[in-house]
Amino acid sequence: MVAATSLRGATDVVGLLDVPAGAYVHIPFCSWICPFCPYNKVLTSDELSRPYLTAFRQEVDAVADAHLRAFGPFTSLYVGGGTPTLFPEILNDLVDRLPVTGRRAVEVLPTHATPAGLDRLADAGFDAVSIGAQSFHDPVLRRLGRPHDAAASRAAVAAAVGRFAVVDVDLIVDVALEGPGTDPWTAAFLEDAAECFAAGVAQVSTYPLMRFGYTPFGTGRHARRREHAVLAEVDRIARRSGYERRSVWTFARSGAEAYTSITRRRFLGMGAGAGSVTGRDLLVNHFGLAPYRAAVDAGRLPVARRFHLGDGGGAAYEAFWQAYAGALDEGVLRSAYGPAGLLPARLATAAARACGLVVPDHGTLRLTPRGYDVFHDLERQVTYRLIEPLWAQLLREHDERAAATPDEVRSVSWAAPDRGRRGAAWWLARRLTERPVPTSTWTGREAE
Ligand SMILES: C[S@@+](CC[C@H](N)C(=O)[O-])C[C@H]1O[C@@H](n2cnc3c(N)ncnc32)[C@H](O)[C@@H]1O
Ligand code: SF4
């Protein structure tokens, strides 16, 4: 059913799309804050979540309404966070409010992935889950400050396999933390990956630990070459186990469909801290619960930043994520952005070919092993030079002046945005990202 809603901006944002989008929902609450985690979230409490969820439902209705009118159902639903499984009733609601033609996926904390908890998700209509195991080794989980042990990680994976069409398991590795001569984390990580392959999961996501300057893990050096070597070793284990590399940081069972979040071509984000990718524009919602609610109470979408990329920038952005996912497809880019828009992406791919980073393969350009290494490094630069400064800026919305209640300020004491990375690139990113959204230009057609 199409809900009758009236948030200014919903029609404008949907109007930026050229094709139907996926729905991305960010749930910004956790019952435990892991010290390495950079995402927008606060410690959950009724006082914070109740008023927030009222505004959130309005945003979901407004975006769903506009998308249904323009394109019909979304292509997929992805619920991340934060810890979405803290709110089972919201998950049921989202399935009703956001109809899809494809998969419904949700991130699950291992302690919530009990057989009964997973049955509830499956009954609600979710057919893909991502289990945040991180490791099956207690020393690694303790170092990460996780709220569960290795037995819980293992039980969660065992319970999920067979219950869902797609099961992804997240693992984290930090080779730089190891002492000279020993590499306990690497050895543990390689065992973890092998264990996931043996368990028959559809996909394993192998994340190198990112040290966001504003988290207690702070800034730190990366052992680049060792990271490359460890991922190349996972690749070898994957092949022996019937799996293949599907992106810089994911390995999927051969023939199995991929579990994706960031690599979806177009998606509309809902919730505090969610982002949207419409092809030629990137949008980011408010992180702070108070500014988020204030925008919705004022009758407009809670969008905090908009970056207009245009044809050239949009094609380059999409080409970057195609490459991350292992294969560049010029045909798709040409039909979306036209020959002129394709030029910057073409120059970049010509350079990548000349450097041996991509090779032709069945009409696409496939990343070579060296290409994977270079993209791994590039991805880290994007994370530290663009994502970290942007998130640090938006995390300030939780501070005293902007927060909903003193509870919100206390609950983000893990984030120290002033300790984020600095330097010329940071300064440039800040200039590019701190312009507010010109909501005055939104048409407000929804309100008529
Ligand atoms: C939104 S988070 C976690 C979802 C869920 N709350 C959980 O903890 O299981 C999604 C994934 O991002 C990865 N992640 C979080 N912080 C990271 C960091 N600093 N570096 C690399 N990966 C990270 C973790 O693997 C995590 O499972
Ligand atoms: S890793 Fe998951 S549980 Fe831990 S703080 Fe981040 S979102 Fe919350």
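Note: the structure precedes this text.
For clarity, every value in this text was computed on a predicted model and none was experimentally measured.

J.: Summarise helix α6 (residues 150-160); cite the residues concerned and give the values.
T.: Within the sequence span of α6, burial applies to Ala-150, Ala-152, Ser-153, Ala-156, Val-157, Ala-159 and Ala-160. In this fold, the buried residues of α6 make contact with α4 (115-124), β6 (128-134), α5 (138-144), β7 (166-173) and α7 (184-199).

J.: Which residues make up the site of ligand 1, and what values go with them?
T.: Taken together, the neighbourhood of ligand 1 is formed by 19 residues, with Gly-81, Gln-134, Arg-146, Asp-170 and Met-210 sitting nearest. Taking Arg-146, its side chain carries an N or O atom lying 2.9 Å from an oxygen atom of ligand 1. The side chain of Asp-170 places a nitrogen or oxygen atom 2.7 Å from an oxygen atom of ligand 1. In isolation ligand 1 exposes 570 Å². Once the protein is present, 92% of that is buried. Among the elements of the structure, β5 (104-108), β6, β7 and β8 (203-208) are those that each provide at least two residues to the shell around ligand 1. Across the shell around ligand 1, the residue classes break down as eleven nonpolar, five polar and three charged.

J.: Please give an account of empty space enclosed by the protein that cites residues and values.
T.: Overall, the coordinates contain three cavities of 30 Å³ or more when judged by the stated rule. If you add up the space inside the largest cavity, you get close to 110 Å³. Val-13, Val-63, Gly-269, Ser-276 and Leu-301 are, among the 15 residues lining the largest cavity, the residues nearest its centre. At the level of elements, α1 (10-15), α2 (46-71), β11 (267-270), β12 (275-277) and β13 (281-285) are the ones that each hand at least two residues to the lining of the largest cavity. When grouped by side-chain class, the residues that make up the lining of the largest cavity number ten nonpolar, four polar and one charged.

J.: Report on α4, specifying residues and quantitative values.
T.: All buried positions along α4 are accounted for by Gly-117, Leu-118, Leu-121 and Ala-124. The arc that holds every buried residue of α4, seen down its axis, measures 120°, which confines them to one face. Those residues of α4 that are buried are in contact with α3 (88-97), β5, β6 and α6. Phi turns positive one or two residues past the end of α4, at Gly-125, with a value near 120°.

J.: Residue-level account of the sheet that holds strand β17 (residues 364-367), with values.
T.: Adjacent strands of a sheet pair through backbone hydrogen bonds, lying either parallel or antiparallel. Here three strands make up an open sheet; going across it, the order is β15-β17-β16 and the pairing antiparallel. Each edge of the open sheet carries a strand with a single partner, namely β15 (327-328) and β16 (358-361).

J.: With reference to specific residues and values, describe the pattern of salt bridges.
T.: Inspection of every chain in the model, using the stated rule, returns 27 salt bridges. Across the salt bridge formed by Glu-195 and Arg-154, the nearest N and O atoms sit 2.6 Å from each other. Placement of the pair is Glu-195 in helix α7 and Arg-154 in helix α6, with a sequence separation of 41 residues. For Asp-407, the salt bridge identified is with Arg-410, shortest N-O distance 2.9 Å. On the criterion of helical spacing, the pair formed by Asp-407 and Arg-410 is a turn pair, its members being three residues apart in helix α14 (residues 406-411). Asp-407 gets classed as partly exposed once you look at its relative accessible area, which sits at 24%. On the accessibility criterion, Arg-410 (55% relative accessible area) is exposed. Members of the salt-bridge network, linked through shared partners, are Asp-18, Arg-265, Arg-266, Arg-280, Asp-311 and Glu-318.

Rules behind the numbers
Residues numbered from 1 in each chain as written. Chains lettered and ligands numbered in written order. Predicted model: local features only at pLDDT ≥ 70, side-chain atom pairs only at ≥ 80, totals over all residues. Heavy atoms only, no water. Buried < 20%, exposed > 50% of the residue type's maximum accessible area, 1.4 Å probe, protein only. Helix = DSSP H or I, 4+ residues; strand = E, 2+ residues; numbered from the N terminus. Contact = heavy atoms within 4.5 Å. Near = heavy atom within 4 Å. Polar contact = N/O pair within 3.5 Å; in protein donor to acceptor, adjacent residues only side chain to side chain. Areas by Shrake-Rupley, 256 points an atom, 1.4 Å probe, with all protein chains shown as cover. Nonpolar A, V, L, I, M, F, W, Y, C, P; charged D, E, K, R; others polar. 1 Å grid on protein atoms, 1.4 Å probe; cavity = no way out; pocket = protein on both sides within 12 Å on 5 of 7 lines; lining within 4 Å. Points joined across faces, edges and corners; volume = space filled by probe spheres on them. Arc of directions from axis to C-beta. Pairing = 2+ DSSP bridges. Salt bridge = Lys/Arg side-chain N within 4 Å of Asp/Glu carboxyl O.

By themselves these figures say nothing about function.
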